[in-house]
Amino acid sequence: MASTNQIQKDRYKGEFQPLNKVRHGFGTYIYENSFFTYEGQWENGIKQGQGILKMKDGSYYQGNFEKGEIEGHGEFHYANGSMYVGEFHQGEKHGQGVFSSANMTYEGQWSFNCMQGSGILQTPIYRIEGTFLQHKPHGHCNYYSEEYNYIGEFDRGKRSGKGKYESKLEDYEGEFLDDKKHGPGILVKKGENPYYYAGEFLQDNPTLQANKLNFKLDPQPEEPIDPKAKKGEPVIDLTQVLVHELKSGKTINFELQLVYQGPDIEDPVQPTQQEIDEMVKNWQKEAKKQKNPPPMPDFGAKRMIPAPPIHIKQESGRLLELKMIQKTEQGDKLFRIDYREKLAVRREEVARLKAEIEAQKQLEEQQAQQPVKKKDAKKQAKKQPEPDQIDLSVKLYVEGDNESLIVETKEGMVRIENLEYPEDFPPGKYYYVISNKSTNSIGEFVPIEIEVIINPEGGLKQQPKKK
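Since we're looking at a predicted model, the values are computed, not measured.

Caption draft 1: Highlighting the overall build of the chain. When you go through the chain residue by residue, the secondary structure sums to 6 helices and 32 strands. Burial statistics for the chain: of 467 residues in total, 36% are counted as buried. Of the contacts made within the chain by residues no fewer than 6 positions apart, 42% connect residues no fewer than 24 positions apart. Put simply, the chain shows about 29,100 Å² of open surface, and 51% of that area lies on carbon and sulfur atoms.

So this is what it looks like as structure tokens:
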């Protein structure tokens, strides 16, 4: 059986220390498990200086050794083709170095095999310049990708703290937490008509979002109180149901305000027990008159009232669509809104229509002087309507370019000024229909309808109360 010294000798080929016969100088050693092979400098039996440590899987390290350990500058080539060139400490990547693979390249500081400290990470998808902690961006970093760019603070790989986010769809500058907008910030939704929101955010969403649109006439008429309402009953939200009567030839101004309408709150003035007893008594009195009365309401329950609406001044750039319609059995007719601006052009249109009607009259008069068969006369009557049947004012304001009016909000509101109704505007009942036109705005509200009566003899007032 071979001796231990003989086996060691068979695994090592190189220079020895003359006195004690230990590996010293340059030599090659195959380890007992045959997985590692070292070729390089030795000192008193220990790897010391430059050398190459090869592994059976094809990977290898080439560089400096100190006291038998990989230490200092060197190169590590992995079996899969990856490579690290830089500083080592106790066999691990530590200090300044460059790691490259098929999927990424990192150049910067390392700490015990972790990307940690200042560095640049490049992948096919993104690039990060900044500081890292345990392989993740941490602290101030610049993040660039096809999807978005971000310059700001990170916390263990997530956007947290102050930062600026830019993408094709939106820009945001402000506070983040766990990759979400959180805290004060400014959001810009991009598009043909940019939308802006400057305020507080919570878990990626604004803390206040518009859920209602208020209509405010200027000057605002005195709000009536429902004469049938009894003491303690809630008042109707008149901003949505006011009916206005407008005098032709005059102008109208009004405001549209975006608001957040929160849930109902308790009325600070609750009914007394005496008032509750009175309501119960009145209900019972009315119930006796009915054959099948409904269940009695809980008059003693806490009375709730609408919460005060909060004007959303934080946003700008929302597009609102304003239509004016007349409801008929045949469907809704859309009327023009911008009367003052295009009035002169439309007057010319009316003049042309009148000239056509006049020419038609003359033609009919000429034809009337000629003998015509009864059948032919009936056909002509069907083809051409009588002049007095043609409503010129309706043709002027309904047909043609009767597009809706698109307005843009600023600080949560928009003013409509100098809206004019000419004297020949067809009188009747109309509705302003106002809805959200933006596709990139935050928060949604149900379109509102404001009833308007156009009366040549009217005036700006509320709808008369029914007797």
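Caption draft 2: Up close: the packing of aromatic side chains. All told, the structure shown has 27 aromatic pairs when counted by the stated rule. Here the aromatic rings of Tyr148 and Tyr165 are separated by 4.9 Å at their centres, their planes lie at 25 degrees, and the arrangement is stacked. With Tyr148 in strand β13 (residues 148-155) and Tyr165 in strand β14 (residues 158-167), the pair connects residues that are 17 residues apart, well separated along the chain. Between Phe254 and Tyr432, the ring centres sit 5.5 Å apart and the planes meet at 40 degrees, which makes this aromatic pair tilted. Separated by 178 residues along the polypeptide, Phe254 in strand β21 (residues 251-260) and Tyr432 in strand β30 (residues 428-436) bring together distant segments of the chain. For Tyr432, a relative accessible area of 1% corresponds to the buried category. Above the ring of Tyr12, the side-chain terminus of Arg23 is found at 5.6 Å from the ring centroid. Of note, Arg23 hangs over the ring of Tyr29, and the distance from its end group to the ring centre comes to 4.4 Å.

Caption draft 3: Representation of the pattern of salt bridges in the model. According to the stated counting rule, one finds 14 salt bridges in the structure shown. For the salt bridge of Asp204 with Lys181, the shortest nitrogen-to-oxygen distance reads 3.4 Å. Of this pair, Asp204 sits in the loop between β17 (195-202) and β18 (205-206) while Lys181 sits in strand β16 (residues 180-189), placing them 23 residues apart in sequence. Between Lys327 and Glu449 there is a salt bridge, with its nearest N and O atoms 3.1 Å apart. Here Lys327 is found in strand β26 (residues 319-328), whereas its partner Glu449 is found in strand β31 (residues 448-455), with 122 residues between them in sequence. According to the relative accessible area criterion, Lys327 is partly exposed, its value standing at 43%. For Glu449, a relative accessible area of 38% corresponds to the partly exposed category. Among the ionic contacts, a cluster of salt bridges with common partners joins Glu170, Lys181, Lys189 and Asp204.

Caption draft 4: Geometry of the confidence of the model for the chain. Across the chain, pLDDT averages 82, with 77% of residues at or above 70. Confidence drops under a pLDDT of 50 for residues 221-229, and excluding neighbours within four residues, the segment shows 10 contacts in the predicted structure. Low confidence marks residues 458-467, where pLDDT is under 50. Its contacts with residues over four positions away, or in another chain, come to 22 contacts.

Caption draft 5: Structural detail: the pairing of β13. Pairing geometry for strand β12 (residues 136-145) and β13, over 6 bridges, is antiparallel. Within β13, the residue paired with Cys141 across the bridge is Gly152. If you look at the hairpin formed by β12 and β13, you'll find 2 residues sitting between the two strands. As paired strands, β13 and β14 are joined by 7 bridges and run antiparallel to one another. Within β14, the position partnered with Tyr148 by the bridge is Ser167. A loop of 2 residues connects β13 with β14, the two strands running antiparallel in sequence, and Arg156 in this loop sits at a positive phi of about 50 degrees.

Caption draft 6: Fine view of a positive patch on the surface. Side chains of Lys136, Arg156, Lys158 and Lys180 sit close together on the surface and give a patch of like positive charge. You can see Arg156 is positioned in the loop between β13 and β14.

Caption draft 7: Layout of the side chain of Thr123. Its place among the elements puts Thr123 in the loop between β10 (114-122) and β11 (126-133). Discounting chain neighbours no more than four positions away, the residues touching Thr123 are Asn103 and Met104.

Caption draft 8: Inspection of the side chain of Arg318 at higher detail. Examined against the element boundaries, Arg318 turns out to sit in the loop between β25 (315-316) and β26. We classify Arg318 as buried; its relative accessible area is 0%. Polar contacts involving the side chain of Arg318 include one to the side chain of Ser441, which spans 3.1 Å. Within the structure, the side chain of Arg318 is placed 2.6 Å from the backbone oxygen of Ile442, a separation counted as a polar contact.

Caption draft 9: A look at unusual backbone geometry. With a phi close to 55 degrees, Lys67 is a non-glycine residue in the positive phi region. Taking relative accessible area as the criterion, Lys67 reaches 68% and is therefore assigned exposed. With a phi close to 55 degrees, Gln90 is a non-glycine residue in the positive phi region. Following the sequence through the fold, Gln90 ends up in the loop between β7 (83-89) and β8 (92-100).

Definitions and cut-offs
- Residues numbered from 1 in each chain as written.
- Predicted model: local features only at pLDDT ≥ 70, side-chain atom pairs only at ≥ 80, totals over all residues.
- Heavy atoms only, no water.
- Helix = DSSP H or I, 4+ residues; strand = E, 2+ residues; numbered from the N terminus.
- Buried < 20%, exposed > 50% of the residue type's maximum accessible area, 1.4 Å probe, protein only.
- Contact = heavy atoms within 4.5 Å.
- Areas by Shrake-Rupley, 256 points an atom, 1.4 Å probe, with all protein chains shown as cover.
- Phe/Tyr/Trp six-rings, centres within 6.5 Å; stacked < 30°, edge-to-face > 60°.
- Lys NZ or Arg CZ within 6 Å of the ring centre and 35° of its normal.
- Salt bridge = Lys/Arg side-chain N within 4 Å of Asp/Glu carboxyl O.
- pLDDT = per-residue confidence, 0-100.
- Pairing = 2+ DSSP bridges.
- Patch = residues over 30% accessible without salt bridge, like charges linked within 9 Å, V, L, I, M, F, W, Y side chains within 5 Å.
- Lys, Arg positive; Asp, Glu negative; His and termini not counted.
- Charge placed at Lys NZ, Arg CZ, Asp CG, Glu CD.
- Polar contact = N/O pair within 3.5 Å; in protein donor to acceptor, adjacent residues only side chain to side chain.

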